[in-house]
Amino acid sequence: MKKKATGKVILSLTAAILLAVAPCGAADMEAGAGSGAAAEELTPDSKGATEFTRQKNESVYSQLDFADRQEAEFAQRGRIASPEKLEIKDAYGNIVWSQKAYGFLEDAAESPDTVNPSLWENAKNNHAYGLFEVEKGIYQVRGYDMANLTLVTGDTGWIVLDTTMGIECAGAALDLVKQHLGEKPIKAVIISHPHIDHFGGVGAFVNDKTVADASLPIEKQLAGGKIPLIVPEGFTTHAVEENLYAGKAMGRRANYQYGTLIDKSPTGALSIGIGMGQSKGTVSFVVPSYEVKKTGEKITIDGVEMEFQLTPGTEAPAEMNIYFPRYKALWAAENCTATLHNLYTLRGAEVRDGNAWAKYIMEAMSRYADRSEVVFQSHNWPHWGKEVIRDYMLNTAAVYKYINDQSLTYINQGYNGVEIENMLQLPERLSKNWYTRPYYGTPAHNAMAVYQKYMGYYDANPVNLCRLPAEQSAKKMAQYLELGSMDACLAQARRDFAKGEYQWVAEFTNQLVFADPSNREARLLCADALEQLGYQAESGTWRNCYLTGALELRKGNRTKRPRSGGEFGRALMRQLTPEMAFDYMDILLDKKAMANRDAEILFHIEDLGKYYRAYLVDGVLLHAEDAGKAPADTTVECSSKTMLLLLMDYNAFARKAKIKGDAALLQRLAANLTELGRKSGMFNIVEP
């Protein structure tokens, strides 16, 4: 317990405010506290980096291997041509896209003090623009918009994969292709998913008059002389929902996410991980003529066979990868992007499923990695070589799986979203991969996405059921800060209580409780305010939440004795499929105890006639259905019911299963399925 606060309230409340607005990682804030480093004169002008910022950025050099140039080399590999300066304008002369604006990246040998050195490296890689050969017969124009334009060579023409965001950028990219590879007819356009940066430029390739007839089967569309427009199932519905229903709000928020209002400079906008930012050209939409509806579906276009893999719920609600046997190439759409992506995007969108994201990457790896010489995607640069591809896909999947499952572990231990985003850190080895660094998404806001997906906006504290609008609470806080002491603030809170301002009183006093749980006056006043809110509530559930909060502020946590539920839990666990069992194992797993050991366990589930390969990657447990032919560190033959004993009783599992190879690995795995036993079900809610 902390001592009761008695000093000036400005210290306590300012600390509370700083905790609410500081960047994730309390250690960062504490490092600067009490430094005495005065801020520069307060003016509306942009400032340089402070000494704290310079030191923070300098420390990045010791955290990452800057001698590892793989990503930089891949970003440049295969370049055929690029203009010396790239600036794309619309019909009115307005600049809609500029790489020229980032010319400063070419002049500085080292990262400026005002830029994280890791982001600087990514920005330089995204500044590598032009026409590139991915594989003989597959070409990309990169750096002409946020997303890539990809062209696959058919027998007589081009197959276009994604179309950039605007007609002007798409047209300029196509002109570059014509200039260096010649002019060919467009035989089909394929769009991976319904995000505007992937379909907005479609009008440069096909329009309502030239698109194939959607009422015809795909074979007749291909033979009919018009251009098929192929998308994953559900594409149009999700394109409308995202870009129309909430489009205005997303557009305004995109100003912040993509930095469209700030200058391009070492003190302004740089890359966003998946490109240099958002273009401002003319956006178009054409209704697709064909939807791919199942994984494994094969279509041959202009002599090129394609095998589709649907990946719904990953980076978009409707998305798909494509494998090209002719070129031994896997197009990973936006599921692997050479950066950590978003489970929640800051402009606003449906929350993505980190578990599904990892699952579909693993499925793609299982189906195609051994047959691929290159993996390329809708953003950033390809990755070449079987070993590189395997590591790239496996580690990318592991990062999404870790964020999803470790967040769920913390959720079940009672932590709320803000606490989790500050706690969650990637395993050390996974965090050092340049291709999963947080240039676009971050572990912090992705952890919040997992919290939102499973728990929603509400953190269970009744104080937060219906908070005051920010402007209203900020004005109250400013009034309180002027009072000068804790006693004066509490006296004012009593007066506000007497005026019926129960929500404000609850918010203010609950902050004091979290700062000092032993502050009896704050606890009891908060309880009284919650009680009155409960008495006023028409909703029975809100009433219960308010009154339970009041009870625990007065009497303490009432759930110190966990309810009996062991047998019920075991009954549910007996119904798990193998896939569900693997997922639950990773939520249970003490990942730190299993870190720094990579291994593979092959399970032959005899009654189902299936093989599953489980991968331990730096403490993360991944899995994919498997052909069962490649060797593994450990091989297990058992029934689906016996496999579930691994979750409950290792000795019983070992007696029934046939284990070959490293049996100790399995035993260690089972012994560390312990995370949910810590703090589970007994956590505090209205106090720390």
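Residues numbered from 1 in each chain as written. Predicted model: local features only at pLDDT ≥ 70, side-chain atom pairs only at ≥ 80, totals over all residues. Heavy atoms only, no water.

Chemist: Quick question: what am I supposed to make of the sheet that holds strand S11 (residues 298-301) here?
Modeler: The strands making up a sheet associate through hydrogen bonds between their backbones, and the pairing can be parallel or antiparallel. Taken together, six strands build an open sheet; the order of strands is S11-S12-S13-S14-S15-S16 and the sheet is mixed. A strand with exactly one partner marks an edge of an open sheet, and here the two such strands are S11 and strand S16 (383-384). Bridge analysis of S11 against strand S12 (residues 304-310) gives four bridges, and the strand direction is antiparallel. Directly across from Ile 301, in S12, lies its bridge partner Val 304. Lying over the sheet, helix H12 (residues 354-368) contacts S12, strand S13 (320-324) and strand S14 (329-331), oriented at roughly 145° with respect to S12. (Pairing = 2+ DSSP bridges. Helix = DSSP H or I, 4+ residues; strand = E, 2+ residues; numbered from the N terminus. Contact = heavy atoms within 4.5 Å. Axes fitted to C-alpha atoms, helices over the stretch in contact; angles between N-to-C directions.)

Chemist: Looking at this model, I keep getting lost on the packing of helix H20 (residues 520-536) against helix H21 (residues 540-555). Mind explaining?
Modeler: The relative placement of two packed helices comes down to the angle between their axes together with the axis-to-axis distance. Direction vectors running N to C along H20 and H21 enclose 160°, while the axes themselves pass 8 Å from each other. Taken together, the axis directions place H20 and H21 in an arrangement best described as roughly antiparallel. In terms of crossing hand, the pair formed by H20 and H21 is left-handed. Two secondary-structure elements touch here, H20 through Arg 523, Leu 524, Cys 526, Ala 527, Asp 528, Leu 530, Glu 531, Leu 533, Gly 534 and Tyr 535 and H21 through Arg 543, Tyr 546, Leu 547, Gly 549, Ala 550, Glu 552, Leu 553 and Arg 554. Residues belonging to the contact of H20 with H21 are distributed by class as follows: ten nonpolar, two polar and six charged. (Parallel < 35°, antiparallel > 145°, perpendicular 65-115°, else oblique. Left-handed = near helix turned anticlockwise from the far one by under 90°. Nonpolar A, V, L, I, M, F, W, Y, C, P; charged D, E, K, R; others polar.)

Chemist: Mind showing me how you'd approach the UniProt feature "domain: Metallo-beta-lactamase" (unreviewed entry) in the chain here?
Modeler: In this numbering, the UniProt entry assigns the feature "domain: Metallo-beta-lactamase" (unreviewed entry) to residues 146-379. Within residues 146-379, the helical portion is 27% and the strand portion 19%, while the C-alpha atoms at the span's ends are 7 Å from each other. (UniProt positions renumbered as here; feature names shortened; annotations may be inferred.)

Chemist: Looking at this structure, how should I read the confidence of the model for the chain?
Modeler: Low pLDDT means the predicted atomic positions in that stretch should not be read closely. Model confidence for the chain is summarised by a mean pLDDT of 92, while 92% of its residues fall at 70 or above. Long-range and interchain partners of residues 1-23, a stretch whose pLDDT sits below 50, account for 37 contacts in this model, where long-range means more than four residues apart. Here residues 25-37 is modelled with pLDDT under 50, and outside its nearest four sequence neighbours on either side it reaches ten contacts, counting other chains as well. (pLDDT = per-residue confidence, 0-100.)

Chemist: So what exactly am I meant to see when it comes to the pairing of strand S6 (residues 149-153) here?
Modeler: The two faces of the sheet receive side chains in turn, since in a regular strand these alternate between them. Within S6, five of the five residues are buried, which leaves it mostly tucked inside the rest of the structure. Going residue by residue along S6, you find Leu 149, Leu 151 and Thr 153 tucked away on one face and Thr 150 and Val 152 tucked away on the opposite face as well. With four bridges connecting them, strand S5 (residues 138-142) and S6 associate as antiparallel partners. For Val 141, the partnering residue across the bridge sits in S6 and is Leu 149. Here S5 hands over to S6 after six residues, with Gly 143 in that stretch at a positive phi of 80°. Here S6 runs beside strand S7 (residues 158-163); their pairing, made up of five bridges, is antiparallel. Looking across to S7, one finds that Thr 150 is bridged to Leu 161. Count of turn residues in the S6/S7 antiparallel hairpin: four residues. (Buried < 20%, exposed > 50% of the residue type's maximum accessible area, 1.4 Å probe, protein only.)

Chemist: Even after reading the chapter, I still don't get the state of the cysteines, so can you show me in this structure?
Modeler: Here a disulfide denotes a covalent bond joining the sulfur atom of one cysteine to the sulfur atom of another. For the coordinates displayed, the defined rule picks out zero disulfides. With no disulfide of its own, Cys 489 has Cys 526 as its nearest cysteine by sulfur position, at a separation of 15 Å. With relative accessibility at 0%, the residue Cys 489 sits in the buried group. In this structure Cys 526 is a free cysteine whose sulfur lies 14 Å from that of Cys 545, the closest cysteine sulfur available. Judged by relative accessible area, Cys 526 falls into the buried class, the value being 0%. (Disulfide = S-S within 2.5 Å.)

Chemist: Please explain the packing of aromatic side chains as it appears in this structure.
Modeler: Two aromatic rings, taken as a pair, are described by how far apart their centres are and by the angle between their planes. The full count for this structure, using the stated rule, is 22 aromatic pairs. On the basis of an interplanar angle of 80° and a centroid distance of 5.5 Å, the ring pair of Phe 199 and Phe 285 is categorised as edge-to-face. Here the residue Phe 199 occupies a position in helix H8 (residues 196-199), and Phe 285 occupies one in the loop between helix H11 (247-258) and strand S10 (290-292), the gap between them amounting to 86 residues. A relative accessible area of 4% places Phe 199 in the buried class. With 5.3 Å between their ring centres and 85° between their planes, Tyr 480 and Trp 504 make a pair best called edge-to-face. Taken together, the residues span a long stretch of sequence, with Tyr 480 in helix H17 (residues 470-481) and Trp 504 in helix H19 (residues 502-515) at a distance of 24 residues. (Phe/Tyr/Trp six-rings, centres within 6.5 Å; stacked < 30°, edge-to-face > 60°.)

Chemist: How should the nonpolar core be read in this particular structure?
Modeler: Soluble globular proteins: nonpolar side chains tend toward being buried together. Within the largest apolar cluster, 108 residues are counted, with the highest numbers of intra-cluster contacts made by Ile 190, Phe 324, Met 393, Phe 603, Leu 622 and Leu 647. Looking at this core, the element that brings in the most residues is helix H13 (residues 386-412), giving 13 residues. Apart from the residues within four sequence positions on either side, Phe 603 is in contact with Phe 582, Lys 610, Tyr 611, Tyr 612, Ala 614, Val 636, Met 643, Leu 646 and Leu 666. (Core = buried A, V, L, I, M, F, W, Y, C linked by side-chain atoms within 4.5 Å.)

Chemist: In this structure, what is going on with the pattern of salt bridges? I would like to understand it.
Modeler: Side-chain pairs of opposite charge can arise whenever the charged atoms involved come near each other. This structure, assessed with the given rule, holds 28 salt bridges. Close ionic contact of Lys 124 with Glu 121 constitutes a salt bridge, the shortest N to O distance being 3.3 Å. Highlighted residues: Lys 124 and Glu 121, both in helix H6 (residues 117-126), separated by three residues, approximately one helical turn. On the basis of relative accessibility, which here comes to 12%, the residue Glu 121 falls in the buried class. Residue Lys 453 is joined to Asp 353 by a salt bridge in which the shortest nitrogen-to-oxygen separation is 3.9 Å. Taken together, the residues Lys 453 in helix H16 (residues 443-455) and Asp 353 in the loop between S14 and H12 connect sequence positions 100 residues apart. Through salt bridges that share partners, Arg 390, Glu 600, Arg 613 and Asp 626 make up one connected network. (Salt bridge = Lys/Arg side-chain N within 4 Å of Asp/Glu carboxyl O.)

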